[in-house]
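Given next are the chains, with one letter for each unit.
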Amino acid sequence: SSESWASAGLAAVGGCLLMLGNLSMQRALLLGVPLTIVLPLQGSLTVVLGTSINYVLQPERSEPRRLFAGVAAFLVAIALSATAHVAHERQAANRRERRRRREQRRRRRR
């Protein structure tokens, strides 16, 4: 029936999008983006887009308030995780800079 062909077509499109997401993740890793950034970003995009698209395709099968409250909570968690990662990277950079300055002072004293 035409409904089964439409479902198969949507599944094929979804598979292609997932493949493109995996390829873009591999490309980002090759460009030097840390895995700690790539994986949460890919996971969050998958959850948010998948949830939203499923709601658009079948709104009668879900409760929008619960669904999008969960998506919003997920987005807040990802934002907090990214903020913590950036803060950690800054602290690590500051520690490296302090170590470098200490080494320079030691060399000058010799």
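Residues numbered from 1 in each chain as written. Predicted model: local features only at pLDDT ≥ 70, side-chain atom pairs only at ≥ 80, totals over all residues. Heavy atoms only, no water.

A. A positive patch on the surface, seen in detail. A grouping of Arg95, Arg96, Arg98, Arg99, Arg102, Arg105, Arg108 and Arg109 is seen on the molecular surface, where their side chains present a positively charged patch. By secondary structure assignment, the location of Arg95 is in helix α3 (residues 64–109). Overall, Arg95 belongs to the partly exposed group, its relative accessible area being 34%. (Patch = residues over 30% accessible without salt bridge, like charges linked within 9 Å, V, L, I, M, F, W, Y side chains within 5 Å. Areas by Shrake-Rupley, 256 points an atom, 1.4 Å probe, with all protein chains shown as cover. Salt bridge = Lys/Arg side-chain N within 4 Å of Asp/Glu carboxyl O. Lys, Arg positive; Asp, Glu negative; His and termini not counted. Charge placed at Lys NZ, Arg CZ, Asp CG, Glu CD. Helix = DSSP H or I, 4+ residues; strand = E, 2+ residues; numbered from the N terminus. Buried < 20%, exposed > 50% of the residue type's maximum accessible area, 1.4 Å probe, protein only.)

B. Main features of α3. The end-to-end C-alpha distance of α3 is 67 Å, a good match for the 68 Å that 46 residues give at a rise of 1.5 Å each. Inspection of α3 places Val71, His85 and Ala92 among the buried residues, and these make up the whole buried set. Here the buried face of α3 lies against α2 (35–57). (Expected span 1.5 Å × (residues − 1). Contact = heavy atoms within 4.5 Å.)

C. Quick look at the packing of helix α1 (residues 2–30) against α2. α2 packs onto α1 with a crossing angle of 165° between their chain directions and a minimal axis gap of 10 Å. Comparing the axis directions of α1 and α2 gives the class roughly antiparallel. Between α1 and α2 lies a crossing whose hand is right-handed. On the side of α1, the interface is formed by Leu10, Gly21, Asn22, Met25, Ala28 and Leu29, while α2 contributes Leu35, Val38, Leu39, Gln42 and Leu57. (Axes fitted to C-alpha atoms, helices over the stretch in contact; angles between N-to-C directions. Parallel < 35°, antiparallel > 145°, perpendicular 65-115°, else oblique. Left-handed = near helix turned anticlockwise from the far one by under 90°.)

D. A nonpolar patch on the surface, seen in detail. Together, Leu10, Leu41, Leu45, Leu49, Ile53 and Leu57 make up a nonpolar patch on the protein surface, roughly 570 Å² of accessible area in all. Broken down by element, the nonpolar patch gets its largest block of residues, 5 residues, from α2.

E. Layout of the side chain of Ser44. For Ser44, the position within the fold is in helix α2. Residue class for Ser44 comes out buried when judged on its relative accessible area of 6%.

F. Spatial organisation of the pattern of salt bridges. All told, the structure shown has 4 salt bridges when counted by the stated rule. In this structure, the salt-bridge partner of Arg100 is Glu97, at a minimum N-O distance of 2.4 Å. In this pair, Arg100 and Glu97 are both assigned in helix α3, 3 residues apart and thus about one turn of the helix distant. Taking relative accessible area as the criterion, Arg100 reaches 40% and is therefore assigned partly exposed. Salt-bridge contacts for Glu97 lead to Arg101; the nearest nitrogen and oxygen are separated by 3.1 Å. Of this pair, Glu97 and Arg101 both sit in helix α3, 4 residues apart, roughly one helical turn.

G. Highlighting the packing of aromatic side chains. Going through the model one piece at a time under the given rule, you end up with 1 aromatic pair. Residues Tyr55 and Phe68 carry aromatic rings whose centres are separated by 5.2 Å and whose planes lie at 85° to one another, so their mutual orientation is edge-to-face. In this pair, Tyr55 sits in helix α2 while Phe68 sits in helix α3, placing the two residues 13 residues apart along the sequence. The class for Tyr55 is partly exposed, based on a relative accessible area of 23%. (Phe/Tyr/Trp six-rings, centres within 6.5 Å; stacked < 30°, edge-to-face > 60°.)

Treat this as a map of the structure, not an account of what it does.
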